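Commentary on secondary and tertiary structure
If you want the building blocks of each chain, they are given just below.
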Amino acid sequence: YAIKPHIKERYLLVYETGDAEQLLIKARIIADQKGLKLVQIRSSLKKDKNTDVLIRNAGPAEFLGLFIHADFIVTNSYHGTCFAINFNKQFLSFKFDKNPVRARELLKLTGLEERLISTGDSIEIAQKDICFNKANKIIEMQREKSLKYLYSALDTPAQT
């Protein structure tokens, strides 16, 4: 369903919720260190000075495509963190006000808790590549567990 973005250069994707000035400053530093354009998804009409490309109100296909084709993701969103992990993208997840427990538990479950940082923390971890082998195995086991539960709850034979 995802469509490839019209961005020709390699890029760091920022997907944030709320006011995230410090997140954007840190994202700019990471983008510069990695030689990436800084692309931001947001609904605001105002482009931040740290942003190279602003994508306003991306539809579902464009939204997914931006995550799939990103070289690095910086987010303070639980769902942004989920996409980064599912698409095996290098990322940093900044602690956020809205239900921070979900992201912390997800990152702990997948062994990626070092990727959750506060705006005051060092961003040196961004230079360390993530090996997703363990996280992928855990996610696959959790999917299987969830499907078994759903089939059981619906009294339907499990599909293989």
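Residues numbered from 1 in each chain as written. Predicted model: local features only at pLDDT ≥ 70, side-chain atom pairs only at ≥ 80, totals over all residues. Heavy atoms only, no water.

A closer look at the overall build of the protein chain
Along the protein chain, the regular secondary structure elements total five helices and six strands. Secondary structure elements of the protein chain occur, N-terminal to C-terminal, as β-α-β-β-α-β-α-β-α-β-α. The C-alpha radius of gyration computed for the protein chain amounts to 17 Å, which stays within 12% of the reference 15 Å derived for 160 residues, consistent with globular compactness. On the principal axes, the C-alpha backbone points of the protein chain span a range of 55 × 30 × 25 Å. The buried share of the protein chain, taken over its 160 residues, is 41%. A sequence separation of at least 24 residues applies to 54% of the contacts in the protein chain between residues at least 6 apart. Summing over all exposed atoms, the protein chain offers an accessible surface of approximately 9700 Å²; the carbon and sulfur share of this is 52%. Positive and negative side-chain charges of the protein chain, numbering 25 and 19 respectively, have mean locations separated by a distance of 1 Å. (Helix = DSSP H or I, 4+ residues; strand = E, 2+ residues; numbered from the N terminus. Rg over C-alpha atoms; globule rule 2.2 N^0.38 Å. Buried < 20%, exposed > 50% of the residue type's maximum accessible area, 1.4 Å probe, protein only. Contact = heavy atoms within 4.5 Å. Areas by Shrake-Rupley, 256 points an atom, 1.4 Å probe, with all protein chains shown as cover. Lys, Arg positive; Asp, Glu negative; His and termini not counted. Charge placed at Lys NZ, Arg CZ, Asp CG, Glu CD.)

A closer look at the pairing of strand 1 (residues 11–15)
In terms of burial, strand 1 is largely enclosed, as five of its five residues are buried. Here strand 1 shows a buried face lined by Tyr-11, Leu-13 and Tyr-15 and a second buried face lined by Leu-12 and Val-14.

Points about the pattern of salt bridges
What the rule picks out here adds up to six salt bridges. Of the charged contacts in the structure, one is a salt bridge between Arg-28 and Asp-52, with a shortest N-O distance of 3.1 Å. On the criterion of sequence distance, the pair formed by Arg-28 in helix 1 (residues 21–34) and Asp-52 in the loop between strand 2 (37–42) and strand 3 (53–56) is long-range, its members being 24 residues apart. On the accessibility criterion, Arg-28 (15% relative accessible area) is buried. A salt bridge links Glu-140 to Arg-143; the nearest nitrogen and oxygen atoms lie 4.0 Å apart. Of this pair, Glu-140 and Arg-143 both sit in helix 5 (residues 133–153), separated by three residues, roughly a single helical turn. Its relative accessible area of 38% is what places Glu-140 among the partly exposed residues. (Salt bridge = Lys/Arg side-chain N within 4 Å of Asp/Glu carboxyl O.)

In short, geometric facts, not functional conclusions.
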